[in-house]
Every structure is written in C-alpha cells, then in structure tokens.
Amino acid sequence: GAGVSQSPSNKVTEKGKDVELRCDPISGHTALYWYRQSLGQGLEFLIYFQGNSAPDKSGLPSDRFSAERTGGSVSTLTIQRTQQEDSAVYLCASSLSEQTTNYGYTFGSGTRLTVV
Amino acid sequence: EDKVVQSPLSLVVHEGDTVTLNCSYEVTNFRSLLWYKQEKKAPTFLFMLTSSGIEKKSGRLSSILDKKELFSILNITATQTGDSAVYLCAVKGRAGNMLTFGGGTRLMVKP
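All values reported here derive from a predicted model rather than from experimental measurement.

Participant: With reference to specific residues and values, describe the layout of surface pockets.
Facilitator: Of the volumes computed, that of the largest pocket is approximately 520 Å³. In this structure, the largest pocket is lined by 25 residues; those nearest its centre are Gln37(A), Leu39(A), Gly40(A), Val86(B) and Arg106(B). Elements that contribute at least two residues to the lining of the largest pocket include exactly strand 8 (88-95) and strand 10 (111-115) of chain A together with strand 9 (85-92) and strand 11 (105-110) of chain B. Of the residues forming the lining of the largest pocket, the biggest block, 4 residues, is contributed by strand 11 of chain B. Considering only residue class, the lining of the largest pocket consists of 9 nonpolar, 11 polar and 5 charged. What lines the second largest pocket is a set of 16 residues, and nearest its centre among them are Phe45(A), Glu1(B), Asp2(B), Leu99(B) and Thr100(B). At the level of secondary structure, the elements contributing two or more residues to the lining of the second largest pocket comprise strand 5 (43-50) of chain A together with strand 10 (99-101) of chain B. The residue makeup of the lining of the second largest pocket, split by class, is 6 nonpolar, 5 polar and 5 charged.

So, in structure tokens, the structure goes:
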C-alpha cells in the first residue's frame, strides 16, 4: 500500500479482555516495528521484525503482550487480559531494511487503545 | 540503556519567531539521530543526522549534530502556526534498527 495502515484507529475495551491490533506495512518493507506512546510521553519500543529473522521482543513490557508477522507482511499485536495501564496509542512503523534508513521509518496513524 | 532527553518540554511562541529545540543523548554504539514531527498520531520524518557539524536543512527547518558533546538542535525560523506540533528526537544505537525516543518538545505557535 501507499502507507502504513493500522486498524482499528480507536479501540475501547474492558479491563481483562484481549485485544488485537493490526498493522499492514508498506509493500516491500522488510522491517516492521511496534511502539507505544502513553499520554504526553515519547515513544516506547515494543518489538521489531526483520525479514525472516527471529523478532526482537526486548521491549515487550510483560508476557501479556505478543506479536506475530505472517508472511513477512501484516503484523498483529495482541494484548491479553488488558489492564488500564495498557491505555496508549500503539504505533506501527516500517522501513525497507536495516541498512536503508536514509529517511527513517514510515509510521502508521496508530491505534488509540482505551482500557476501561 | 540508551537515553534521549529533550528540552524544553514545551514552548509557546508567536508567528515569525525563531525557535531552537534541544536533544541530548547517551547511547551505546551511536549510529544516527533522527528528528520527527508529530501533529496528531503519526510522526513524520524530518531529518537523519550521522555526522557532526554538517547542517541538514529543509526550508525553514535545519538541524545539526555534535557527536562530541552528544547533542543535536533543531531550528525553525520564521515560525508559522502550522509548525505547532510535538517534535521528537530519536537515536539509533545498538543493532536492530530500533529507535530510542525522547519525550518530545511540544511547540505551540500563536498567530
């Protein structure tokens, strides 16, 4: 696609429920990242996929968080048993590769998650 | 742990003013520093800096990196209301291509 597409754009869920957030990166981009931005804060790294390599999960805050990337394209971030502190904007970004970074990442518009 | 600190946290100016936003960092194996503009949700890329002392310029925006003193500045001249946004600084350090972001500077330009 022309840009990074995320869905849904907004999600309100009850505490304890599971949620799935979707990211469709730019076609041909082999690298995909998930970040989280809490209100008034900077971006917090969550997970990084590069091609067929094992993902870097070092930023995931707890084992309630997981992500997968199917077929090297679409990625899904899953949060199980959501807590109120999970409320944030979840941003996905993609780039061509680790080496091709003259323009940085391209970010999607994010999913605003509210846990009530 | 890589660290990025931005200052000021917020700034209010009038149209036509010049502003300077600051970004200092501590990072292992520094590779590059990036500036983004975030108006609503999606940050948009402004600059990537890898070498000290070389100014990057795009219209009224410019940025420079000092790798010795570990900081970068983003200058905006002749500010316009459309410059109102959060400006994010990020560094790329250890392998893996992920970025460590600062907390951002919220700029408001009043007419």
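Structure shown, so let's carry the discussion forward.
Participant: Account for the environment of Leu77(A), with residues named and values stated.
Facilitator: Residue and element names in this part refer to chain A. Here Leu-77 shows up in strand 7 (residues 75-79). Residue Leu-77 is classed as buried on the basis of its relative accessible area of 0%. With sequence-adjacent residues up to four places away left out, Leu-77 is seen in contact with Val-19, Glu-20, Leu-21, Trp-34, Leu-46, Ser-66, Ala-67 and Tyr-90.

Scoring rules and cut-offs
Here the residue index of a chain counts from 1 through its sequence in written order. Chains and ligands are labelled by the order in which they are written, letters from A for the one and numbers from 1 for the other. Only residues with pLDDT of at least 70 are given local features in this predicted model, and only at 80 or more are side-chain atom pairs given and counted; all residues enter the totals for whole chains, interfaces and linings. Hydrogens and water molecules were not included; the side-chain quantities draw on all heavy atoms of the structure. The pocket and cavity definitions rest on a 1 Å grid over protein atoms only: a 1.4 Å probe that fits but cannot leave marks a cavity, an open set with protein on both sides within 12 Å along at least five of seven lines marks a pocket, and residues lining either have an atom within 4 Å of a point. Grid points are joined across faces, edges and corners, and a volume is the space filled by probe spheres set on the points. Secondary structure elements are defined from DSSP: runs of H or I of at least 4 residues count as helices, runs of E of at least 2 residues count as strands, and each element is numbered from the N terminus. For this classification, the nonpolar set comprises Ala, Val, Leu, Ile, Met, Phe, Trp, Tyr, Cys and Pro, the charged set comprises Asp, Glu, Lys and Arg, and every other residue, Gly included, is treated as polar. Only protein chains enter the area calculation, which uses a 1.4 Å probe; residues under 20% of their type maximum are buried, those over 50% are exposed, and those in between are partly exposed. Contacts are residue-level and defined by heavy atoms, with any inter-residue pair within 4.5 Å sufficient.

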